[in-house]
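Chain and residue survey
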Amino acid sequence: MADIKESTVEVHPVSFPTDILARISPDLSLQRHLSLGFRPSSRGFEEFRDVIINTGDLTHNTQSDDSAVKTPSNDGKQVLGSCVLKQGDVFVITQITGGIIEDITLSTNDMEMEEDTELLEITEEHSDITKYSSVYPVVEINRGRMGACTDEEMTTSQRLYDSLLHSHILTQNALRVEPGVRITNEDDSVNIIYPDSEKNKEITSLLKPKKKWSYVLYAKIEVFGRTGPVYDMCWNSLMAALQSVKLPRTFIDERATDLKMTVRARGRNAVVMETYNLLCDPNESTNLQLRENCISYASSYGAINLDPEADIANLEETDDVDAPMDEELETKTVLLADIDGEAEETCIKSTISITACPNGRFKQFSVVGGGAKITKELLMRSITLSKQRSSDISLKVQKV
Amino acid sequence: MDAQTGYLENVDGSCLYSLNSTKVISAVTGPVEPKARQELPTQLALEINIRPASGVPTTREVNIQDKVRAIITPILASYKYPRQLCQITLQLLQSGETEPYFHALELIACVNSTTYALVDSGIALKGIALGTTVVISKDNQLITEPTDEILKNSKSMHVVAYMIENNKPSNLLLMDSYGDFDENDILKILEQSEIKVNQLNKTFREYMKEKINNI
């Protein structure tokens, strides 16, 4: 041992540029930054990235030439509402498209059958959740390569669907189609009557088809330049896009309102088929009715234990001024708002995600506590921050 | 609640678990050789597969898988088994809830049965994970372990899972809430679920004690 001590071994400290160290040892890099009081992105602990929101830019209302008069399809060409959200370096583009489906459970045909009416009443009476609807989101995170969707894309989409459904923002009634009737007058002029006024209601109810339809909304959410978890951005973008949705008005040609065909199926049974040519009005649209007090915005947080060993003040022993701080830091857990960047994403195992209304109610709340212990204080702090963040974003969306 | 470990013969640990009308079989295989892309140089890799009661797995099952993983990963002594794999397969027999709307009951059944199966398999654990579902009804009543009917008419629903170390809940592993609620509700839910998890822990210990005594 003594020999070794006497011989002089020169150890050259290897140093790496900041960005390379961050990739080799994200944990150390993050801890070093935190010990200096800021994050790798040079944001403060509770500082969010700036958000820029633009809605409705990608929406093109259907053109008036005849070929464009068609039922809305889910082929992505007809965008009913849209939002471009930029948070930090990440772009989230949401396009809302729609389709129309026949409402089988509530069709008047079924109502005529007594048994089903009873069944309908039972379900109607007892379950709240069936009164609400959701949109079908598909999240696509662009990483510059092709292939099947990743688990992250699937979970984000599913979480968006669940949160939207249980936030009760969209009712089944808001998506119900109230078709008008296109009437050809004696002088060959054509006009469309919508059931807006009492008088029109009378006319349309006479010609009204027995079937019921509803709109189905699809949301295509594309994320460009992902730098961290994307759920909160996707939710905020979806929320803003939904507020810009304009549903096209639909009508049925009067000649088609009572059209019935007999179709012979494979067996001996002849089935009466009714076909309705539901058309979308190229000029008329209505705003999608959302439940205003349920509009909420999401934010995310992370909790991490500060590692006293990684504290730069500890390394520089000559620095006596900072020495007393070490004891304080030993068991300290800090809350970081708006997780972003590779180091933060990989090292922070405890996360909190809150979807809050500006009025202080919550719609979705999720805590994952794999790393640092999530205390009541941390929860309360994140709750306070989420309310502020929610009001901020709601002001930004309203400005648009 | 009913649990029966060692239900399957060809895996290292298994459990048939039922709670109200939710029923699930969990199977744990491990530590075994992982596929090259799963292998982690320093710790145990974890693979979770959930099979729904009917149909093929969809995004809904992937979402449940993601949450089960978030709960199970912290309880495994993963550095004890470097370059190894633990495979958890969960087959739902009865979902016990309206599948298009909810996943809370299945998630909790999956977590609790996995804990039983993990202990049955003998993989080293840092603690155990147990969870419960709590709903707030329209008249602001807290109901634990709800049925499908209660879920459908609830104001908000919450899934809470705790890590249990040294016989008491030590760390909140997951809280997943949907609906309409405020911060007081959250605190009440956490309090209530901790009491429930303590009870579940007691049941768990009794079950394991009896099992060991019978060996």
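These numbers come from a predicted model, not from an experiment.

Looking now at the overall build of chain B. For chain B, the count of helices and strands is 4 helices and 9 strands. Starting at the N terminus, the α and β elements of chain B follow one another as β-β-β-β-α-β-α-β-β-α-β-β-α. A compact globule built from 215 residues would reach a C-alpha radius of gyration of about 17 Å, and chain B, at 17 Å, matches this within 12%. Dimensions of chain B, computed from the C-alpha atoms along their principal axes, are close to 50 × 40 × 30 Å. For chain B, buried positions account for 51% of its 215 residues. Long-range contacts, defined here as pairs at least 24 residues apart, represent 68% of the contacts in chain B between residues at least 6 apart.

It is worth spelling out the nonpolar core at this point. Counting residues in each nonpolar core, the largest one holds 139 residues, and the members touching the most others are Cys-234 of chain A together with Ala-129 and Ala-161 of chain B. At 10 residues, the largest contribution of residues to this core is made by helix 2 (residues 104-121) of chain B. Taken domain by domain, the makeup of this core includes at least three residues from each of domain 1 (29-49 + 298-399) and domain 2 (178-211 + 250-287) of chain A.

Glancing now at the interface of chain A and chain B. Across the contact, 29 residues belong to chain A and 26 residues belong to chain B. Each residue belonging to the side of chain A that touches chain B can be placed in one class, and the counts come to 9 nonpolar, 13 polar and 7 charged. Strand direction decides the pairing type here: strand 17 (residues 362-369) of chain A and strand 9 (residues 168-181) of chain B, joined by 6 bridges, are antiparallel. Along strand 9 of chain B, the bridge assignment pairs Phe-362 of chain A with Phe-181 of chain B.

Let's shift gears to the pairing of strand 10 (residues 246-253) of chain A. Residues and elements named next belong to chain A. For strand 10, the tally of buried residues reaches 6 of 8 residues, placing the bulk of the element in the interior. Of the strand pairs in this sheet, strand 7 (residues 180-184) and strand 10 are connected by 3 bridges, and their pairing is parallel. Note on strand 10: the bridge partner recorded for Gly-180 is Phe-251. As paired strands, strand 10 and strand 13 (residues 278-287) are joined by 6 bridges and run antiparallel to one another. Bridge pairing in strand 13 links Ile-252 to Leu-278.

Our next topic: the packing of helix 6 (residues 151-166) of chain A against helix 8 (residues 231-243) of chain A. All names here are of chain A. Across the interface, helix 6 lies against helix 8 with an axial gap of 10 Å and an inter-helix angle of 45°. One element, helix 6, and the other, helix 8, form an angle in the oblique class. As for the relative orientation of helix 6 and helix 8, their crossing is right-handed in sense. When helix 6 is examined against helix 8, the residues Thr-156, Arg-159, Leu-160 and Ser-163 are found in contact with a partner set consisting of Tyr-231, Cys-234, Trp-235 and Leu-238.

The next point concerns the packing of helix 6 of chain A against helix 1 (residues 59-72) of chain B. Contact pair helix 6 of chain A / helix 1 of chain B: the axes reach a minimum separation of 8 Å and the direction vectors enclose 100°. The angle between helix 6 of chain A and helix 1 of chain B places the two elements in the roughly perpendicular class. Facing helix 6 of chain A, whose interface residues are Asp-151, Met-154, Thr-155, Ser-157, Gln-158 and Arg-159 of chain A, helix 1 of chain B presents Thr-59, Arg-60, Val-62, Asn-63 and Asp-66 of chain B. By residue class, the composition of the contact of helix 6 of chain A with helix 1 of chain B is 2 nonpolar, 5 polar and 4 charged.

Hydrogen bonds between backbone atoms are what pair the strands of a sheet, whose relative direction is either parallel or antiparallel. All names here are of chain A. Spatial strand order, 8-7-10-13: 4 strands in an open sheet with mixed pairing. Because the sheet does not close on itself, it has two edges, and the strands there are strand 8 (190-193) and strand 13. Neighbour-to-neighbour, the strand axes of the sheet open up by a mean angle of 35°, direction not taken into account.

Here we come to the sheet that holds strand 3 (residues 22-32) of chain B. Residue and element names in this part refer to chain B. Spatial ordering of the open sheet is given by 1-2-3-5-4, a layout of 5 strands whose pairing is mixed. Looking along the sheet, the strands with just one partner apiece sit at the ends: strand 1 (2-5) and strand 4 (45-51). Direction aside, neighbouring strands of the sheet carry axes that sit 15° apart on average. Bridge analysis of strand 2 (residues 13-19) against strand 3 gives 7 bridges, and the strand direction is antiparallel. The residue of strand 3 that forms the bridge with Leu-19 is Thr-22. Here helix 2 sits on the sheet and contacts strand 1, strand 2, strand 3, strand 4 and strand 5 (85-94); the angle it forms with strand 2, its principal contact strand, is near 145°.

The next point concerns the UniProt feature "domain: Exoribonuclease phosphorolytic" (unreviewed entry) in chain B. With numbering aligned to this structure, UniProt lists the feature "domain: Exoribonuclease phosphorolytic" (unreviewed entry) at residues 2-123 of chain B. Annotated as 26% helix and 32% strand, the span residues 2-123 of chain B places its first and last C-alpha atoms 22 Å apart.

With that out of the way, let us pick up unusual backbone geometry. Between Gly-30 of chain B and Pro-31 of chain B the backbone carries a cis peptide bond, its omega angle lying at -5°. In this structure, Ser-42 of chain A is a non-glycine residue whose phi angle is positive, near 60°. By the secondary structure assignment, Ser-42 of chain A is in the loop between helix 3 (26-35) and strand 1 (51-55). Of note in the backbone geometry, Asn-167 of chain B takes a positive phi value of approximately 70° without being a glycine. As for its placement among the helices and strands, Asn-167 of chain B is situated in the loop between strand 8 (156-165) and strand 9. On the neighbour-count criterion, Asn-167 of chain B (12 C-beta atoms within 10 Å) is exposed.

Rules and cut-offs
Residues numbered from 1 in each chain as written. Chains lettered and ligands numbered in written order. Predicted model: local features only at pLDDT ≥ 70, side-chain atom pairs only at ≥ 80, totals over all residues. Helix = DSSP H or I, 4+ residues; strand = E, 2+ residues; numbered from the N terminus. Rg over C-alpha atoms; globule rule 2.2 N^0.38 Å. Buried ≥ 20, exposed ≤ 12 C-beta atoms within 10 Å, placed from the backbone. Contact = placed C-beta atoms within 7 Å. Core = buried A, V, L, I, M, F, W, Y, C linked by C-beta atoms within 7 Å. Domains from an automatic or database assignment. Nonpolar A, V, L, I, M, F, W, Y, C, P; charged D, E, K, R; others polar. Pairing = 2+ DSSP bridges. Axes fitted to C-alpha atoms, helices over the stretch in contact; angles between N-to-C directions. Parallel < 35°, antiparallel > 145°, perpendicular 65-115°, else oblique. Left-handed = near helix turned anticlockwise from the far one by under 90°. UniProt positions renumbered as here; feature names shortened; annotations may be inferred.

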